[in-house]
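Single-letter residue listing:
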Amino acid sequence: MSDEDYVYDEASGEWISAADAAARAGVADAVEVRDAVGNLLADGDQVTLIKDLVVKGAGQTLKRGALIKSIRLTGDPQEIDCRYEGIKGLVLRAEFVKKR
């Protein structure tokens, strides 16, 4: 018998190794973020806007077709965090972008 820790998994009713429990928890915490067309988005992807968006507080409008580079997922299935010239802390809804 190894010296590995075991934990009780309430979902299956079995004792499983701690490494397996951590792997299952990581899979359960993963959030799928999909663009307007249904493509799966990931950190670092490039997206384009499919609609003109007025940015509150910035005093400018992002035009349709604008390229947004290096997005980051926020943990919310509907929001992505990104950078755009002159706008800090820009968060876009995934329904307004399309993966490039």
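In what follows, the accompanying structure is described. What you are looking at is a predicted structure, and each value in this text was computed from that prediction instead of being measured.

What counts and what doesn't
Residues numbered from 1 in each chain as written. Predicted model: local features only at pLDDT ≥ 70, side-chain atom pairs only at ≥ 80, totals over all residues. Heavy atoms only, no water. Pairing = 2+ DSSP bridges. Helix = DSSP H or I, 4+ residues; strand = E, 2+ residues; numbered from the N terminus. Polar contact = N/O pair within 3.5 Å; in protein donor to acceptor, adjacent residues only side chain to side chain. Contact = heavy atoms within 4.5 Å. Core = buried A, V, L, I, M, F, W, Y, C linked by side-chain atoms within 4.5 Å. Buried < 20%, exposed > 50% of the residue type's maximum accessible area, 1.4 Å probe, protein only. Salt bridge = Lys/Arg side-chain N within 4 Å of Asp/Glu carboxyl O.

**Digging into the sheet that holds strand β5 (residues 47-49)**
Then comes step 1: Read across the open sheet, the three strands follow the order β8-β5-β12; overall the sheet is antiparallel. Looking at which strands have only one partner, the edges of the open sheet turn out to be β8 (67-68) and β12 (97-99).
Then comes step 2: Two strands pair when backbone bridges link them, and β5 and β8 are joined in this way by two bridges, in the antiparallel orientation. In the sheet register, Thr-48 faces β8, and the bridge partner there is Leu-67.

**Thoughts on the side chain of Asp-9**
Then comes step 1: Within the secondary structure, Asp-9 sits in strand β1 (residues 6-9).
Then comes step 2: Looking at Asp-9, its side chain comes within polar contact range of the side chain of Ser-12, at 2.8 Å.
Then comes step 3: Contacts of Asp-9, omitting those with residues within four sequence positions, involve Glu-14, Ile-16 and Arg-24.

**A closer look at the pairing of strand β11 (residues 87-93)**
Then comes step 1: Both strand β10 (residues 79-84) and β11 contribute to a ladder of five bridges, which runs antiparallel. Note that in β11 the partner of Glu-79 across the bridge is Arg-93.
Then comes step 2: Remark: two residues form the turn of the hairpin made by β10 and β11, two consecutive strands paired antiparallel; Gly-86 in that turn has positive phi of roughly 85°.

**Digging into the nonpolar core**
Then comes step 1: Residues Ile-80 and Leu-92 are the most contacted members of the largest nonpolar core, which totals 18 residues.
Then comes step 2: Sorting the residues of this core by element identifies β5, β6 (53-55), β10 and β11 as the ones contributing at least two each.

**A closer look at the pairing of strand β2 (residues 14-17)**
Then comes step 1: Pairing of β1 with β2 involves four bridges; the strand directions are antiparallel. Note on β2: the bridge partner recorded for Val-7 is Ile-16.
Then comes step 2: The antiparallel pairing of β1 with β2 creates a hairpin that spans four residues between the two strands, and Gly-13 there sits at a positive phi of about 75°.

**Let's talk about the pattern of salt bridges**
Then comes step 1: Scanning all chains against the criterion turns up four salt bridges.
Then comes step 2: Residue Arg-34 pairs with Glu-32 through a salt bridge whose shortest N-O separation is 3.3 Å.
Then comes step 3: Note on Arg-34: relative accessible area 38%, which makes it partly exposed.
Then comes step 4: Of the charged contacts, one joins Asp-45 and Lys-99 as a salt bridge, the two residues approaching to 3.6 Å between their closest N and O atoms. On the criterion of sequence distance, the pair formed by Asp-45 in the loop between β4 (40-41) and β5 and Lys-99 in strand β12 is long-range, its members being 54 residues apart.
Then comes step 5: Residue classification places Lys-99 among the partly exposed positions, given a relative accessible area of 32%.

Purely geometric numbers; function is a separate question.
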